[in-house]
Each structure stands twice: as C-alpha cells, then as structure tokens.
Amino acid sequence: MENLIIFIVLISLGYFAGRYAEKRHYESIKAREKASFQFPMVTFGKKVPLENAIQSAELATGSAVISIDYFKRVLAHLRMLFGGRLMAYETLVDRARREAVLRMKESVPNSTMIINVRIETSSISKSENNNSLGSVEAFAYGTAIYTDQSEKEGI
Amino acid sequence: MKFVPSYIEGDENAPKSSPLKEFFTLAGGLLLITVVLFVVLGWVSELIVPHISTDLEKKLGSTIASQFEDDKLLESDDDALRVKRLLDRLLKYAPRKEYEFFIWVINTEEVNAVALPGGQIIIFKGLLEKIENDNELLFVIAHELGHFYNRDHLRGLGRGLTLAVLSTIILGQDSGLSSLFTGTLTTVDRKFSQEQESNADKFALELLHKTTGSIKGAMSFFEKIDRDEQLSEILYFFTTHPSPKNRIKFIQQEIEKQNYNE
C-alpha cells in the first residue's frame, strides 16, 4: 500500500513539475529562435562555394542535457509494451537538439556563419535493469567562419 | 547563392500531445487486460484444485511448515494437548478426507490461526488467551478445517503466484508500475479470500453443531473480537477476511437458515 502511495506522489510530481519545466523551456527556445534565425547555419561546407573570403574560422559547439521525469518514464514503460510513437521522448530529444543548436549559435555571436553543422545525440542512462533512458545529451558543432562583413549580399 | 532567413516554427518533431490522456489510456488498457487474465486464471485454478492430491499438497506444505519449527511448543504442553484433543473431537464428525492433520501452538501474542498446506493447523498463543471456553476454540479449529476441505490455501497459492510472476515478467522487479498493479490485483484477490472465509465459517458452524449439538462458541468469539478490533469498517475491504460485524451477520443468517439450536 505504501508503495502505491509513493508511486502516485512521484508520478504526480513528475507530471506537474515536468510539464511546467517543459513549457518554460519551449517558450525560451522559441524566443531565442526568433531572435537568431537571421544567423545562418548550414550543413554544407566546402561543397558549396562561398562568395566572400574567409578571414578566420573556429569551432563552435553547443550541448544540452535534458532529463526525463518520473511520469515520462512510466509512460515510456507502458509504451514499450504496446509499441507506437513514444511521444514522451520526442519532446525530450527535440528540446535537447534545439537547445544545443541555439547554444552553438550563441557561442559565436560575431561570426558570419556556421558551416558544416552536425548534431549528435547520446543517452546518459544510469545503469538500471529497466532499460530506462535517464537523460539525453544533444551536441551541436560546426565551423564558425568570419568573413568580411562589408558585403551583406551573398554569402 | 543568397541566404534568405525565414522563421520556421519548428514544432514538427514534437507536436502537441496530451501525455495525461495517453497515460490513462495505456495504463487503463493494461490494467484491464491484467485483471481479465487474473480472473480467467482464477477460474482455471478453481477447476484444477479439486484434482490436486493430498500427498502433493503435503509436499508443498512441508517447506512452509518447516519455517515454524523453532517456535513450536513441546507436545506435552497443556495448550498443545488441549488443541489436539479438540481437533480429534472434531475429526470424528468431519467429512472423510485423506488428510493427516497436525496442530501446533506457537508462542506469540498474535491473535490468529492459520491453515498451511499439508494439513498443518497453527494456533497462535494470543488467540488461546482470548478464548474463554472450549466451544470457541472448537469453532476456530473447525474454521481452519473448513479451509482444508475447501482447498482454499491452494487456490490462494495459485493466484498469488500468477500475480507475482506476471508482474515481474512484464514490468521488471522493483518497478513503480509493478506496485501499482500488484496493489490493484491484491485488492481483487481480497474479495475472493473474503468469500473463502465465509465458506470456512459456514463449514465450521456445521461441524460445531454436529460435534457439540449447539453453536454456542461461534457468536461469542466474534463479538469479543469485534469489541477489541480497532480497524474501521472501510479498511476491511483490503484485508483477507471480512470485518467481525459482517462475519457475525453472516453466521447469524446461517444459524437461522439451518435452524441450529443456540
């Protein structure tokens, strides 16, 4: 009986706290995306010629680690029985990736463009016999190039 | 090539969903499936149990009974002799069965009596101290005999085992989900157990009447328990036996139905 009560408490805590944190995070992500969408970030590199000469370049990275809450974990367990889209984790990975990309952009605010952008995701799980995803880390990296800013037309 | 910046909402990867709704749908579905499975298994075990021989049952019981070995009073003790004497009295009038019964008294304050597989009846010292006369003790022993004749403990074993195995396989050990489901299923199980208890009471009443010609001990024992019990009525839903009030009511109905003399 006590186990049941603890379980219900944890799951409610996970649900309310998790939903709140997620909502706030998404608001922050959207606001920053709106502010930074002018900043170019592309996945191609050498294969597309750039019009302006590159003056300097450096590595730009951004990473984010997002963890799941108890409610999401329970939901995932149930999903794993029946199969189908695991919507609980979709938001998790989405948030982590977007956050990582934003942080990457913010790490090189003066650069013209970030090229050769790649995003990698990995899971950080405490070793349990339940195969549960403890948290997910998204890592975005690219080359930030600095060109002559006087020419705004063309890249 | 010209870079034309444009703002994209970017929510395709995580569209709006209602996790709460999903949770209730999935959990509800799983609970339903498990309960149905559980009930069906209960019926199947009801069919099988009458065919389990007493020898097999004795083998099952010996492992459980050996845990009590150290606490048993010596056979020459007054209490042990008394319960043995009463058991023999009852067995003269009990229906035929290939059981060999053993009765023990355990020296703890708990007010309880249990029937273990293999014909083992265990009376706890606390119960003996509550009993005022032989008739009440006869009723208690007869009640335990009733469990044996109905093969109740075997049914309980079957269901409990299925429950534990199922939840461990599906949900893994020590999972929060697992405790949710075992909690639900044990509540369902309690209902079955309460019915078993009533049947055992019925058997005990009949046997008491056959042995002593009256049913004096039955009512007085439960009235005493009812006075001393602290649990509120609602909590009895979760216990394995009905509340004393319900048992008294049931016994009274049985007495009237069968026309036992007081």
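Below is a short write-up of the structure. Remember, it's a predicted structure, so these values are computed and weren't measured experimentally.

## Considerations on the overall build of chain A
- A tally of regular secondary structure across chain A gives three helices and three strands.
- Tracing chain A from N to C terminus, the helices and strands come up as α-β-α-α-β-β.
- A buried classification covers 45% of the 155 residues belonging to chain A.
- Taking contacts inside chain A between residues at least 6 apart in sequence as the whole, the part at least 24 apart equals 83%.
- Accessible surface for chain A amounts to roughly 8,600 Å². Of this, 56% is attributable to carbon and sulfur atoms.

## Topic: a nonpolar patch on the surface
- A surface patch of nonpolar side chains, about 720 Å² in accessible area, is lined by Leu32, Val36, Val40, Trp43, Val44, Leu47 and Ile48 of chain B.
- Assignment of secondary structure puts valine 44 of chain B in helix α1 (residues 19–48).

## Describing the packing of helix α2 (residues 70–82) of chain A against helix α3 (residues 87–107) of chain A
Residues and elements named next belong to chain A.
- Where α2 meets α3, the closest approach of the two axes is 9 Å, and the angle between their N-to-C directions is 125 degrees. Judged by the inter-axis angle, α2 sits oblique to α3. Where α2 abuts α3, its residues Lys72, Leu75 and Ala76 lie against Ala88, Tyr89, Thr91 and Arg95.
- Considered class by class, the residues forming the contact of α2 with α3 number four nonpolar, one polar and two charged.

## Some details on the sheet that holds strand β2 (residues 113–116) of chain B
Residues and elements named next belong to chain B.
- Strand order in the open sheet formed by three strands is β1-β3-β2, and the pairing between neighbours is mixed. Strands with a single pairing partner mark the edges of an open sheet, and in this sheet they are β1 (102–106) and β2. This sheet shows a mean twist of 20 degrees between the axes of neighbouring strands, independent of strand direction.
- Of the strand pairs in this sheet, β1 and strand β3 (residues 120–124) are connected by five bridges, and their pairing is parallel. Pairing of phenylalanine 102 across the sheet is with glutamine 120, part of β3.
- Sitting on the sheet, helix α3 (residues 78–93) is in contact with β1 and β3, with an inclination near 150 degrees to β1.

What counts and how
- Residues numbered from 1 in each chain as written.
- Chains lettered and ligands numbered in written order.
- Predicted model: local features only at pLDDT ≥ 70, side-chain atom pairs only at ≥ 80, totals over all residues.
- Heavy atoms only, no water.
- Helix = DSSP H or I, 4+ residues; strand = E, 2+ residues; numbered from the N terminus.
- Buried < 20%, exposed > 50% of the residue type's maximum accessible area, 1.4 Å probe, protein only.
- Contact = heavy atoms within 4.5 Å.
- Areas by Shrake-Rupley, 256 points an atom, 1.4 Å probe, with all protein chains shown as cover.
- Patch = residues over 30% accessible without salt bridge, like charges linked within 9 Å, V, L, I, M, F, W, Y side chains within 5 Å.
- Salt bridge = Lys/Arg side-chain N within 4 Å of Asp/Glu carboxyl O.
- Axes fitted to C-alpha atoms, helices over the stretch in contact; angles between N-to-C directions.
- Parallel < 35°, antiparallel > 145°, perpendicular 65-115°, else oblique.
- Nonpolar A, V, L, I, M, F, W, Y, C, P; charged D, E, K, R; others polar.
- Pairing = 2+ DSSP bridges.

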